[in-house]
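# Survey of secondary and tertiary structure
Here are the chains, one letter per residue:
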Amino acid sequence: VGSRTTTMEFDNSTEVVQAAGGLLVRRQAGQIQIALVHRPIHQDWSYPKGKLEEGETFEEAAQREVFEETGFICRLLRFIGHTEYIDRKGRPKVVGYWVMSAEAGSFEPNEEVDELRWLDIASAGLLLTYERDRSVLAAMLADDQLESLV
């Protein structure tokens, strides 16, 4: 997981796919839960995320993508880090992640996501398909201010 900053900026002249997403969290019965989404086209469990649209900031893309995939309007709580990997089309991809809280909305299955699960942290770590996503979860857990944010 990359270093933490309050915002993300990358050189747009490269062929790097730029994306953003969120670790959507809530407190349920005193315990922090995180939302994971199932994407049937990829048959994976991950965080809601997607590519930046032209002229969009990473923060705007993160909020839009989380809304599109989960139905939740979210508030950004904290930038947690980024992952870098080669996507399914062989392109380098960078995804910036924010811890977010849901302010309004509800999940409805959609074209991209057919299921959303709210899970405790340990269960989320087991369900996540990709090791890079577990690294982001570990970075969130290492944040000593998380308890006060949620």
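See the structure printed just above.
Once that is clear, we can look at the overall build of the chain. Each helix and strand counted, the chain has four helices and seven strands in total. The order of α-helices and β-strands along the chain, N terminus first, is β-β-β-β-α-β-β-β-α-α-α. The buried share of the chain, taken over its 150 residues, is 48%. Taking the contacts inside the chain whose residues are at least 6 apart along the sequence as the reference set, 71% of them involve residues at least 24 apart. Just so you have it, the chain exposes about 7800 Å², and 49% of that area is on carbon and sulfur atoms.

On to the packing of aromatic side chains, then. Taken as a whole and assessed by the stated rule, the structure comprises three aromatic pairs. Taking the centre distance of 4.8 Å and the plane angle of 65° together, the rings of Phe79 and Trp98 count as edge-to-face. You can see Phe79 sitting in strand β5 (residues 72-86) and its partner Trp98 sitting in strand β6 (residues 92-105), a full 19 residues away along the chain. Given a relative accessible area of 6%, Phe79 falls into the buried group. Lying across the ring of Tyr85, Arg132 places its NZ or CZ 3.5 Å from the centre.

Time to look at the pattern of salt bridges. Side chains that carry opposite charge are capable of pairing whenever their charged atoms lie near each other. Under the defined criterion, the tally for this structure stands at ten salt bridges. The network of salt bridges with shared partners includes Glu53, Glu56, Arg64, Glu65 and Glu68.

Regular strands show a simple pattern: their side chains alternate between the two faces of the sheet. One ladder, built from nine bridges, connects strand β1 (residues 17-28) with β6; its direction is parallel. Pairing of Leu24 across the sheet is with Met100, part of β6. Linking β5 back to β6 in an antiparallel pair, the connection comprises five residues, with Gly90 at a positive phi of about 85°.

Moving on: the side chain of Thr70. Along the chain, the position of Thr70 falls in helix α1 (residues 58-70). Within the local environment of Thr70, its side chain forms a polar contact with the backbone nitrogen of Phe72, the two atoms lying 3.1 Å apart. Here Thr70 is in contact with Leu24, Val37, Pro48, Ser106, Phe107, Glu108 and Leu116, once residues within four sequence places are set aside.

If you trace the backbone, Leu141 turns up in helix α3 (residues 131-142). Separated by 61 residues in sequence, Leu141 and Ile80 place their C-alpha atoms 9.8 Å apart.

Structurally, His82 can be placed in strand β5. Within the structure, His82 has its side chain in polar contact with the side chain of Glu84 (distance 2.9 Å).

For α1, spanning 13 residues, the distance from its first C-alpha to its last is 18 Å, which sits close to the expected 18 Å at 1.5 Å a residue. Those residues of α1 that are buried lie in contact with β1, β2 (31-39), β4 (49-51), β5, β6 and β7 (115-120). Downstream of α1 by a residue or two, Gly71 has a phi angle that is positive, lying close to 85°.

Calculation notes
- Residues numbered from 1 in each chain as written.
- Predicted model: local features only at pLDDT ≥ 70, side-chain atom pairs only at ≥ 80, totals over all residues.
- Heavy atoms only, no water.
- Helix = DSSP H or I, 4+ residues; strand = E, 2+ residues; numbered from the N terminus.
- Buried < 20%, exposed > 50% of the residue type's maximum accessible area, 1.4 Å probe, protein only.
- Contact = heavy atoms within 4.5 Å.
- Areas by Shrake-Rupley, 256 points an atom, 1.4 Å probe, with all protein chains shown as cover.
- Phe/Tyr/Trp six-rings, centres within 6.5 Å; stacked < 30°, edge-to-face > 60°.
- Lys NZ or Arg CZ within 6 Å of the ring centre and 35° of its normal.
- Salt bridge = Lys/Arg side-chain N within 4 Å of Asp/Glu carboxyl O.
- Pairing = 2+ DSSP bridges.
- Polar contact = N/O pair within 3.5 Å; in protein donor to acceptor, adjacent residues only side chain to side chain.
- Expected span 1.5 Å × (residues − 1).

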